[in-house]
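In case you want the letters, here they are:
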Amino acid sequence: MKNKKLYTHIFLKNEKAVTGLKNSHLFSDGDAVQIAEFYEKNGADGLIIFDLSDSDAEHEANLDVIRRISRAVEIPLIGGGHMNRVEDVKKMLYAGCSCAFLNMSKQGNADMLEEVSKRFGKEKIGVCINDFSALTKSNEHLEKFASVALLFGDNRHIYEAVNNISLRAIPVFSELQPERICALLKLDKVVGVSTRVTPEMDFPSLRKSMMEMGVCVQSLESAFSWSDLKPNADGLVPVIVQDYQTKQVLMLAYMNEEAFHQTLMTGRMTYFSRSRQQLWLKGETSGHYQFVRQISLDCDNDTLLAKVQQVGAACHTGNKSCFYRDVVAQQSSYRSTETVLEDVMNVIQDRKQNPKEGSYTNYLFDKGIDKILKKLGEEATEIIIAAKNPNPEEIKYEISDFLYHMMVLMAERGVSWEDIAEELSHR
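Conventions used here
- Note on numbering: residues in each chain are counted from 1, in written sequence order.
- Restriction of local features to residues with pLDDT of at least 70 applies here, the model being predicted, together with a cutoff of 80 or more for giving and counting side-chain atom pairs; totals for whole chains, interfaces and linings are based on all residues.
- As a rule here, side-chain values cover all heavy atoms of the structure and leave hydrogens and water aside.
- Between rings of Phe, Tyr and Trp, where Trp is taken as its six-membered ring, a pair exists when centres lie within 6.5 Å; planes separated by under 30 degrees are stacked, by over 60 edge-to-face, and by other angles tilted.
- Exposure classes here rest on a 1.4 Å probe applied to the protein chains alone. A residue is buried below 20% of its type maximum, exposed above 50%, and partly exposed in between.
- Per the convention used, a helix needs a DSSP run of H or I reaching at least four residues, while a strand needs a run of E reaching at least two, with both numbered from the N terminus.
- Only lysine NZ and arginine CZ atoms are considered, and such an atom sits over a ring when it is within 6 Å of the ring centre and within 35 degrees of the ring normal.
- Only when DSSP finds a minimum of two bridges between them are two strands counted as paired.
- Here the nonpolar core consists of buried residues drawn from Ala, Val, Leu, Ile, Met, Phe, Trp, Tyr and Cys, with membership extended through side-chain atoms lying within 4.5 Å.
- Only heavy atoms matter for contacts: two residues are in contact if any of them lie within 4.5 Å across the pair.
- Our working definition of a disulfide is a cysteine sulfur pair at a distance within 2.5 Å.
- UniProt positions are given in the numbering used here, feature names are shortened, and annotations may be inferred rather than shown by experiment.

Engineer: Whenever I open this one, the packing of aromatic side chains confuses me. Can you help?
Structural biologist: Given two aromatic rings, one states the distance between the centres and the angle between the planes to describe the pair. A complete count under the given rule lists 10 aromatic pairs for this structure. Here the aromatic rings of tyrosine 271 and tryptophan 280 are separated by 5.2 Å at their centres, their planes lie at 50°, and the arrangement is tilted. Residue class for tyrosine 271 comes out buried when judged on its relative accessible area of 0%. Between tyrosine 360 and tyrosine 363, the ring centres sit 5.9 Å apart and the planes meet at 25°, which makes this aromatic pair stacked. Placement of the pair is tyrosine 360 and tyrosine 363 together in helix H11 (residues 360–367), with a separation of 3 residues, close to one helical turn. Under the relative-accessibility criterion, tyrosine 363 is labelled partly exposed at 35%. Here the aromatic residues Phe11, Phe50, Phe101 and Phe152 are joined through ring pairs into a cluster of three or more. The ring of tyrosine 244 carries the charged tip of arginine 293 above its face, separated from the ring centre by 5.7 Å.

Engineer: Before we go on, may I ask you to explain the pairing of strand S15 (residues 290–297) in this structure?
Structural biologist: As a general feature of sheets, a regular strand has side chains that alternate between the two faces. Direction of pairing for S15 relative to strand S16 (residues 304–310): antiparallel, over a ladder of 7 bridges. The residue of S16 that forms the bridge with phenylalanine 291 is glutamine 309. In this structure, the hairpin formed by S15 and S16 is closed by a connection of 6 residues, where asparagine 301 is found at a positive phi of approximately 60°.

Engineer: Sorry if this is basic, but what is going on with the nonpolar core here?
Structural biologist: Proteins that are soluble and globular tend to have nonpolar side chains buried together. Counting 61 residues, the largest nonpolar core has Ile69 and Val89 as its most contacted members. If sequence neighbours within four positions are ignored, valine 89 has contacts with Met83, Ala100, Leu102, Met112, Val116, Phe120 and Ile125.

Engineer: Quick question: what am I supposed to make of the state of the cysteines here?
Structural biologist: Joining two cysteines, a disulfide is a covalent bond between their sulfur atoms. Tallied over the entire structure, the rule returns 0 disulfides. Of the cysteine sulfurs around cysteine 315, a residue in no disulfide, the closest is that of cysteine 322, at 3.9 Å.

Engineer: Just checking my understanding: could you explain the UniProt feature "domain: Phosphoribosyl-AMP cyclohydrolase" (unreviewed entry) in the protein chain for this structure?
Structural biologist: In this numbering, the UniProt entry assigns the feature "domain: Phosphoribosyl-AMP cyclohydrolase" (unreviewed entry) to residues 251–324. For the annotated span residues 251–324, helix accounts for 14% and strand for 38% of the residues, and the straight-line distance between the end C-alpha atoms is 10 Å.

Engineer: Honestly, unusual backbone geometry in this entry has me stumped. Any pointers?
Structural biologist: Of note in the backbone geometry, serine 28 takes a positive phi value of approximately 55° without being a glycine. Positionally, serine 28 belongs in the loop between strand S3 (23–26) and helix H1 (32–41). Take serine 28: its relative accessible area is 60%, and that puts it in the exposed class. Positive phi, close to 70°, is recorded for lysine 247, a residue that is not glycine.

Structure below.
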(Lines give C-alpha, C1' and ligand atoms only; values in the text may rest on other atoms or scores of the structure.)
Protein backbone atom coordinates (compact mmCIF):
# COMPACT_ATOMS: atom_id res chain seq x y z
CA MET A 1 0.00 0.00 0.00
CA LYS A 2 1.49 3.31 -1.10
CA ASN A 3 2.00 6.14 1.34
CA LYS A 4 -1.24 8.05 1.88
CA LYS A 5 -1.32 11.85 2.12
CA LEU A 6 -2.99 14.15 4.62
CA TYR A 7 -4.39 17.22 2.86
CA THR A 8 -6.31 20.20 4.11
CA HIS A 9 -8.43 22.73 2.25
CA ILE A 10 -9.48 26.37 1.96
CA PHE A 11 -12.74 27.78 0.62
CA LEU A 12 -12.02 31.11 -1.08
CA LYS A 13 -14.73 33.76 -1.41
CA ASN A 14 -14.10 37.42 -2.29
CA GLU A 15 -10.36 36.95 -1.61
CA LYS A 16 -11.05 35.62 1.90
CA ALA A 17 -11.07 32.15 3.44
CA VAL A 18 -14.61 31.18 4.48
CA THR A 19 -16.00 28.29 6.48
CA GLY A 20 -17.73 26.29 3.75
CA LEU A 21 -19.18 25.98 0.27
CA LYS A 22 -22.44 27.72 1.17
CA ASN A 23 -21.27 29.73 4.17
CA SER A 24 -19.76 33.18 3.73
CA HIS A 25 -18.59 33.49 7.35
CA LEU A 26 -14.86 34.12 7.60
CA PHE A 27 -12.68 31.18 8.56
CA SER A 28 -10.35 32.49 11.28
CA ASP A 29 -9.53 36.06 10.17
CA GLY A 30 -10.02 35.21 6.49
CA ASP A 31 -6.36 35.70 5.55
CA ALA A 32 -5.93 32.74 3.18
CA VAL A 33 -2.17 33.18 2.84
CA GLN A 34 -1.56 33.09 6.60
CA ILE A 35 -3.92 30.13 6.96
CA ALA A 36 -2.02 28.25 4.22
CA GLU A 37 1.27 29.00 5.99
CA PHE A 38 -0.25 27.69 9.24
CA TYR A 39 -1.31 24.47 7.52
CA GLU A 40 2.16 23.97 6.06
CA LYS A 41 3.81 24.57 9.44
CA ASN A 42 1.46 22.02 10.96
CA GLY A 43 2.56 19.35 8.52
CA ALA A 44 -0.11 19.16 5.78
CA ASP A 45 1.05 17.20 2.73
CA GLY A 46 -0.94 19.41 0.36
CA LEU A 47 -3.60 22.10 0.14
CA ILE A 48 -6.86 22.00 -1.84
CA ILE A 49 -8.34 25.39 -2.75
CA PHE A 50 -12.01 25.77 -3.68
CA ASP A 51 -12.63 29.02 -5.57
CA LEU A 52 -16.25 30.00 -4.84
CA SER A 53 -16.34 32.94 -7.27
CA ASP A 54 -19.65 34.18 -8.66
CA SER A 55 -18.10 36.32 -11.40
CA ASP A 56 -15.02 36.50 -13.63
CA ALA A 57 -13.83 39.60 -11.74
CA GLU A 58 -13.99 37.79 -8.41
CA HIS A 59 -12.27 34.78 -9.99
CA GLU A 60 -9.35 36.96 -11.15
CA ALA A 61 -9.04 38.43 -7.64
CA ASN A 62 -9.05 34.95 -6.08
CA LEU A 63 -6.38 33.81 -8.54
CA ASP A 64 -4.15 36.58 -7.19
CA VAL A 65 -4.67 35.16 -3.69
CA ILE A 66 -3.77 31.67 -4.96
CA ARG A 67 -0.60 33.09 -6.54
CA ARG A 68 0.36 34.62 -3.19
CA ILE A 69 -0.33 31.31 -1.46
CA SER A 70 1.85 29.42 -3.96
CA ARG A 71 4.71 31.83 -3.23
CA ALA A 72 4.27 31.56 0.52
CA VAL A 73 4.16 27.76 0.88
CA GLU A 74 5.94 24.85 -0.73
CA ILE A 75 3.35 22.12 -0.28
CA PRO A 76 1.51 21.14 -3.50
CA LEU A 77 -1.68 23.05 -4.34
CA ILE A 78 -4.78 21.58 -5.98
CA GLY A 79 -7.18 24.26 -7.16
CA GLY A 80 -10.57 24.51 -8.81
CA GLY A 81 -13.86 26.35 -9.00
CA HIS A 82 -15.31 28.79 -11.53
CA MET A 83 -13.92 26.71 -14.39
CA ASN A 84 -16.00 27.87 -17.34
CA ARG A 85 -13.35 27.89 -20.09
CA VAL A 86 -10.11 26.15 -20.95
CA GLU A 87 -8.40 29.46 -20.18
CA ASP A 88 -9.64 29.20 -16.56
CA VAL A 89 -7.83 25.88 -16.16
CA LYS A 90 -4.67 27.40 -17.63
CA LYS A 91 -4.83 30.34 -15.21
CA MET A 92 -5.30 28.03 -12.21
CA LEU A 93 -2.22 26.00 -13.19
CA TYR A 94 -0.19 29.14 -13.88
CA ALA A 95 -1.22 30.52 -10.48
CA GLY A 96 0.86 27.75 -8.93
CA CYS A 97 -1.45 24.73 -8.68
CA SER A 98 0.04 21.37 -9.61
CA CYS A 99 -3.44 20.10 -10.44
CA ALA A 100 -6.68 21.87 -11.45
CA PHE A 101 -10.01 20.17 -10.86
CA LEU A 102 -13.34 20.45 -12.69
CA ASN A 103 -16.71 20.18 -10.97
CA MET A 104 -18.46 17.27 -12.68
CA SER A 105 -21.92 18.47 -11.63
CA LYS A 106 -21.59 21.21 -14.28
CA GLN A 107 -22.32 19.94 -17.78
CA GLY A 108 -19.86 22.38 -19.35
CA ASN A 109 -17.03 21.03 -17.19
CA ALA A 110 -17.86 17.44 -18.10
CA ASP A 111 -17.69 18.33 -21.77
CA MET A 112 -14.42 20.27 -21.29
CA LEU A 113 -12.59 17.46 -19.47
CA GLU A 114 -11.13 15.74 -22.53
CA GLU A 115 -9.92 19.00 -24.08
CA VAL A 116 -8.06 20.26 -20.98
CA SER A 117 -6.61 16.82 -20.30
CA LYS A 118 -5.09 16.64 -23.78
CA ARG A 119 -3.85 20.24 -23.62
CA PHE A 120 -2.28 20.29 -20.15
CA GLY A 121 -1.72 16.59 -19.44
CA LYS A 122 -3.88 14.13 -17.54
CA GLU A 123 -1.64 14.35 -14.45
CA LYS A 124 -2.57 18.04 -14.04
CA ILE A 125 -6.33 17.52 -14.22
CA GLY A 126 -8.69 16.31 -11.51
CA VAL A 127 -12.44 16.13 -11.04
CA CYS A 128 -14.63 17.11 -8.13
CA ILE A 129 -17.65 14.90 -7.44
CA ASN A 130 -20.34 15.63 -4.85
CA ASP A 131 -23.07 13.43 -6.32
CA PHE A 132 -21.92 10.31 -8.14
CA SER A 133 -25.44 9.51 -9.40
CA ALA A 134 -25.60 12.86 -11.21
CA LEU A 135 -22.52 12.23 -13.35
CA THR A 136 -23.16 12.51 -17.07
CA LYS A 137 -19.83 11.03 -18.11
CA SER A 138 -18.88 7.39 -17.72
CA ASN A 139 -16.37 6.10 -15.22
CA GLU A 140 -14.07 5.10 -18.08
CA HIS A 141 -14.18 8.66 -19.47
CA LEU A 142 -13.14 10.12 -16.11
CA GLU A 143 -10.33 7.61 -15.67
CA LYS A 144 -9.02 8.31 -19.17
CA PHE A 145 -8.81 12.09 -18.80
CA ALA A 146 -8.34 12.82 -15.06
CA SER A 147 -5.70 11.81 -12.54
CA VAL A 148 -7.66 12.13 -9.27
CA ALA A 149 -11.19 12.64 -7.95
CA LEU A 150 -12.01 14.92 -5.03
CA LEU A 151 -15.06 13.44 -3.31
CA PHE A 152 -17.13 16.06 -1.53
CA GLY A 153 -20.34 15.68 0.44
CA ASP A 154 -21.76 13.77 3.38
CA ASN A 155 -20.35 10.44 4.53
CA ARG A 156 -22.88 8.35 2.61
CA HIS A 157 -22.23 10.05 -0.73
CA ILE A 158 -18.45 9.86 -0.30
CA TYR A 159 -18.42 6.16 0.55
CA GLU A 160 -20.80 5.53 -2.36
CA ALA A 161 -18.47 7.40 -4.71
CA VAL A 162 -15.39 5.53 -3.45
CA ASN A 163 -17.13 2.24 -4.12
CA ASN A 164 -18.24 3.23 -7.61
CA ILE A 165 -15.38 5.23 -9.06
CA SER A 166 -12.19 3.73 -10.51
CA LEU A 167 -10.09 6.90 -10.15
CA ARG A 168 -7.67 7.59 -7.35
CA ALA A 169 -9.71 9.44 -4.73
CA ILE A 170 -9.27 12.14 -2.09
CA PRO A 171 -12.32 12.43 0.20
CA VAL A 172 -12.82 15.97 1.52
CA PHE A 173 -14.35 16.46 4.97
CA SER A 174 -14.75 19.45 7.26
CA GLU A 175 -13.66 17.38 10.23
CA LEU A 176 -13.14 13.69 10.94
CA GLN A 177 -12.08 11.57 13.86
CA PRO A 178 -8.78 9.69 13.38
CA GLU A 179 -10.61 6.33 13.31
CA ARG A 180 -12.75 7.44 10.34
CA ILE A 181 -9.72 8.88 8.55
CA CYS A 182 -7.90 5.61 9.10
CA ALA A 183 -10.79 3.58 7.67
CA LEU A 184 -10.82 5.71 4.51
CA LEU A 185 -7.06 5.67 4.04
CA LYS A 186 -7.02 1.87 4.21
CA LEU A 187 -9.14 1.76 1.03
CA ASP A 188 -6.94 1.05 -2.00
CA LYS A 189 -8.38 3.79 -4.22
CA VAL A 190 -8.07 6.48 -1.54
CA VAL A 191 -4.66 8.17 -1.94
CA GLY A 192 -5.31 10.80 0.70
CA VAL A 193 -7.88 12.55 2.85
CA SER A 194 -8.49 16.27 3.24
CA THR A 195 -9.62 17.52 6.63
CA ARG A 196 -9.40 20.70 8.67
CA VAL A 197 -6.85 20.82 11.45
CA THR A 198 -7.94 21.82 14.93
CA PRO A 199 -5.98 22.82 18.07
CA GLU A 200 -6.63 19.28 19.35
CA MET A 201 -5.49 17.56 16.14
CA ASP A 202 -2.46 18.80 14.24
CA PHE A 203 -1.00 16.90 11.31
CA PRO A 204 2.11 15.50 13.04
CA SER A 205 -0.15 14.01 15.73
CA LEU A 206 -2.61 12.72 13.13
CA ARG A 207 0.23 11.24 11.08
CA LYS A 208 1.56 9.47 14.17
CA SER A 209 -1.92 8.11 14.96
CA MET A 210 -2.30 6.81 11.41
CA MET A 211 1.03 5.01 11.57
CA GLU A 212 0.05 3.44 14.91
CA MET A 213 -3.20 2.25 13.28
CA GLY A 214 -1.28 0.60 10.46
CA VAL A 215 -1.68 3.22 7.71
CA CYS A 216 1.39 4.02 5.59
CA VAL A 217 1.09 7.81 5.57
CA GLN A 218 3.35 10.16 3.65
CA SER A 219 6.69 10.65 5.38
CA LEU A 220 10.30 11.20 4.39
CA GLU A 221 11.97 8.03 3.17
CA SER A 222 15.61 7.71 4.19
CA ALA A 223 18.14 5.91 2.03
CA PHE A 224 19.99 5.06 5.25
CA SER A 225 18.75 3.59 8.51
CA TRP A 226 19.93 4.79 11.91
CA SER A 227 21.99 1.60 12.22
CA ASP A 228 24.07 2.77 9.23
CA LEU A 229 25.16 5.87 11.17
CA LYS A 230 28.03 6.06 13.67
CA PRO A 231 26.83 8.00 16.73
CA ASN A 232 29.29 9.32 19.32
CA ALA A 233 29.70 7.86 22.80
CA ASP A 234 26.46 9.58 23.88
CA GLY A 235 24.48 8.06 21.04
CA LEU A 236 24.31 11.37 19.16
CA VAL A 237 25.09 12.41 15.59
CA PRO A 238 25.99 16.07 14.84
CA VAL A 239 23.80 17.81 12.28
CA ILE A 240 25.04 20.79 10.24
CA VAL A 241 22.00 22.85 9.21
CA GLN A 242 22.01 24.90 6.01
CA ASP A 243 19.42 27.16 4.34
CA TYR A 244 18.46 25.25 1.17
CA GLN A 245 17.98 28.46 -0.84
CA THR A 246 20.80 30.78 0.24
CA LYS A 247 23.21 27.95 1.21
CA GLN A 248 24.00 29.86 4.44
CA VAL A 249 25.07 27.60 7.31
CA LEU A 250 22.54 28.22 10.07
CA MET A 251 23.47 26.13 13.09
CA LEU A 252 24.88 22.92 14.52
CA ALA A 253 22.74 20.55 16.56
CA TYR A 254 22.58 16.87 17.51
CA MET A 255 20.19 13.98 16.87
CA ASN A 256 19.62 10.73 18.67
CA GLU A 257 17.73 7.84 17.06
CA GLU A 258 14.32 9.08 18.24
CA ALA A 259 14.96 12.61 16.92
CA PHE A 260 16.07 11.12 13.58
CA HIS A 261 12.85 9.13 13.15
CA GLN A 262 10.70 12.03 14.39
CA THR A 263 12.27 14.28 11.76
CA LEU A 264 11.51 11.78 8.99
CA MET A 265 7.94 11.30 10.18
CA THR A 266 7.00 14.99 10.56
CA GLY A 267 9.24 16.67 7.98
CA ARG A 268 10.31 19.19 10.65
CA MET A 269 13.81 19.18 12.12
CA THR A 270 13.84 17.58 15.56
CA TYR A 271 16.99 17.38 17.65
CA PHE A 272 18.17 16.10 21.01
CA SER A 273 18.98 18.85 23.49
CA ARG A 274 22.14 17.96 25.38
CA SER A 275 21.49 20.61 28.05
CA ARG A 276 17.88 19.54 28.72
CA GLN A 277 18.42 15.85 27.88
CA GLN A 278 15.22 15.67 25.86
CA LEU A 279 13.87 15.87 22.31
CA TRP A 280 13.76 19.38 20.86
CA LEU A 281 11.45 20.30 17.97
CA LYS A 282 13.08 23.36 16.45
CA GLY A 283 10.55 26.20 16.50
CA GLU A 284 8.15 24.62 18.99
CA THR A 285 8.24 27.70 21.24
CA SER A 286 9.50 30.38 18.83
CA GLY A 287 7.57 29.36 15.71
CA HIS A 288 10.90 29.33 13.82
CA TYR A 289 10.46 25.86 12.38
CA GLN A 290 12.86 24.17 10.01
CA PHE A 291 11.23 22.17 7.21
CA VAL A 292 13.35 19.39 5.74
CA ARG A 293 14.33 19.77 2.10
CA GLN A 294 17.29 17.38 2.01
CA ILE A 295 19.42 15.41 4.47
CA SER A 296 22.84 14.07 3.42
CA LEU A 297 25.31 11.78 5.15
CA ASP A 298 29.07 12.37 5.14
CA CYS A 299 31.70 9.87 3.98
CA ASP A 300 32.40 8.60 7.52
CA ASN A 301 28.71 8.08 8.36
CA ASP A 302 29.07 10.17 11.50
CA THR A 303 27.73 13.61 10.48
CA LEU A 304 24.52 14.77 8.80
CA LEU A 305 24.00 17.83 6.59
CA ALA A 306 20.40 19.08 6.66
CA LYS A 307 19.22 21.56 4.04
CA VAL A 308 16.08 23.23 5.37
CA GLN A 309 13.48 25.87 4.75
CA GLN A 310 14.02 28.14 7.74
CA VAL A 311 11.10 30.09 9.18
CA GLY A 312 12.38 33.24 10.87
CA ALA A 313 15.76 33.11 12.60
CA ALA A 314 17.74 29.98 13.34
CA CYS A 315 19.68 31.53 16.24
CA HIS A 316 18.17 32.23 19.67
CA THR A 317 19.78 35.71 19.49
CA GLY A 318 17.46 36.63 16.62
CA ASN A 319 20.18 36.36 13.99
CA LYS A 320 19.41 34.34 10.87
CA SER A 321 22.44 32.14 11.50
CA CYS A 322 24.21 31.16 14.70
CA PHE A 323 27.47 31.91 12.84
CA TYR A 324 27.16 35.70 12.74
CA ARG A 325 30.53 36.62 14.32
CA ASP A 326 33.72 36.47 12.26
CA VAL A 327 36.89 35.21 13.89
CA VAL A 328 39.00 35.76 10.78
CA ALA A 329 37.89 37.25 7.47
CA GLN A 330 40.07 37.83 4.44
CA GLN A 331 38.85 39.89 1.52
CA SER A 332 38.06 37.97 -1.65
CA SER A 333 37.24 39.12 -5.15
CA TYR A 334 34.87 36.18 -5.64
CA ARG A 335 31.18 37.07 -5.76
CA SER A 336 28.47 34.62 -6.67
CA THR A 337 25.93 35.36 -9.43
CA GLU A 338 23.19 35.62 -6.82
CA THR A 339 25.21 38.05 -4.69
CA VAL A 340 26.04 40.32 -7.63
CA LEU A 341 22.41 40.53 -8.79
CA GLU A 342 21.21 41.18 -5.25
CA ASP A 343 23.84 43.87 -4.68
CA VAL A 344 22.95 45.71 -7.88
CA MET A 345 19.25 45.49 -7.04
CA ASN A 346 19.93 46.81 -3.54
CA VAL A 347 21.76 49.84 -4.98
CA ILE A 348 18.90 50.52 -7.41
CA GLN A 349 16.30 50.27 -4.64
CA ASP A 350 18.40 52.54 -2.42
CA ARG A 351 18.56 55.16 -5.20
CA LYS A 352 14.76 54.99 -5.46
CA GLN A 353 14.33 55.53 -1.73
CA ASN A 354 17.28 57.89 -1.25
CA PRO A 355 17.81 59.87 -4.48
CA LYS A 356 21.37 60.91 -5.24
CA GLU A 357 22.17 63.96 -7.36
CA GLY A 358 23.73 63.07 -10.70
CA SER A 359 22.67 59.42 -10.48
CA TYR A 360 21.66 57.88 -13.82
CA THR A 361 19.33 55.53 -11.95
CA ASN A 362 17.51 58.49 -10.40
CA TYR A 363 17.36 60.11 -13.83
CA LEU A 364 15.43 57.06 -15.08
CA PHE A 365 13.11 57.04 -12.08
CA ASP A 366 12.47 60.80 -12.51
CA LYS A 367 11.61 60.38 -16.19
CA GLY A 368 9.15 57.61 -15.38
CA ILE A 369 7.99 54.30 -16.76
CA ASP A 370 7.92 55.31 -20.44
CA LYS A 371 11.61 56.29 -20.37
CA ILE A 372 12.55 53.09 -18.56
CA LEU A 373 10.66 50.98 -21.12
CA LYS A 374 12.22 52.89 -24.02
CA LYS A 375 15.74 52.22 -22.68
CA LEU A 376 14.87 48.56 -22.05
CA GLY A 377 13.72 48.20 -25.64
CA GLU A 378 16.89 49.85 -26.94
CA GLU A 379 19.08 47.53 -24.87
CA ALA A 380 17.18 44.47 -26.12
CA THR A 381 17.90 45.56 -29.68
CA GLU A 382 21.58 46.01 -28.81
CA ILE A 383 21.68 42.40 -27.57
CA ILE A 384 20.32 41.17 -30.90
CA ILE A 385 22.97 43.17 -32.83
CA ALA A 386 25.76 42.00 -30.49
CA ALA A 387 24.69 38.36 -30.88
CA LYS A 388 25.62 38.58 -34.57
CA ASN A 389 29.14 39.66 -33.60
CA PRO A 390 31.63 36.79 -33.08
CA ASN A 391 33.26 38.66 -30.18
CA PRO A 392 31.64 37.28 -26.97
CA GLU A 393 32.69 40.35 -24.95
CA GLU A 394 30.22 42.55 -26.80
CA ILE A 395 27.20 40.41 -25.98
CA LYS A 396 28.29 40.20 -22.31
CA TYR A 397 28.39 44.00 -22.19
CA GLU A 398 24.96 44.42 -23.82
CA ILE A 399 23.29 41.76 -21.67
CA SER A 400 24.69 43.48 -18.57
CA ASP A 401 23.20 46.78 -19.76
CA PHE A 402 19.88 45.09 -20.39
CA LEU A 403 19.83 43.43 -16.96
CA TYR A 404 20.56 46.74 -15.24
CA HIS A 405 17.66 48.48 -17.02
CA MET A 406 15.43 45.48 -16.36
CA MET A 407 16.23 45.75 -12.63
CA VAL A 408 15.31 49.45 -12.73
CA LEU A 409 11.96 48.38 -14.18
CA MET A 410 11.59 45.71 -11.48
CA ALA A 411 12.26 48.28 -8.75
CA GLU A 412 9.80 50.71 -10.36
CA ARG A 413 7.09 48.04 -10.39
CA GLY A 414 7.94 46.45 -7.01
CA VAL A 415 9.14 43.10 -8.38
CA SER A 416 12.01 41.26 -6.63
CA TRP A 417 14.39 38.53 -7.79
CA GLU A 418 12.60 36.23 -5.34
CA ASP A 419 9.34 36.89 -7.19
CA ILE A 420 10.95 36.00 -10.51
CA ALA A 421 12.57 32.83 -9.13
CA GLU A 422 9.27 31.77 -7.57
CA GLU A 423 7.42 32.30 -10.84
CA LEU A 424 10.02 30.36 -12.84
CA SER A 425 9.93 27.48 -10.36
CA HIS A 426 6.25 26.93 -11.18
CA ARG A 427 6.78 26.81 -14.95
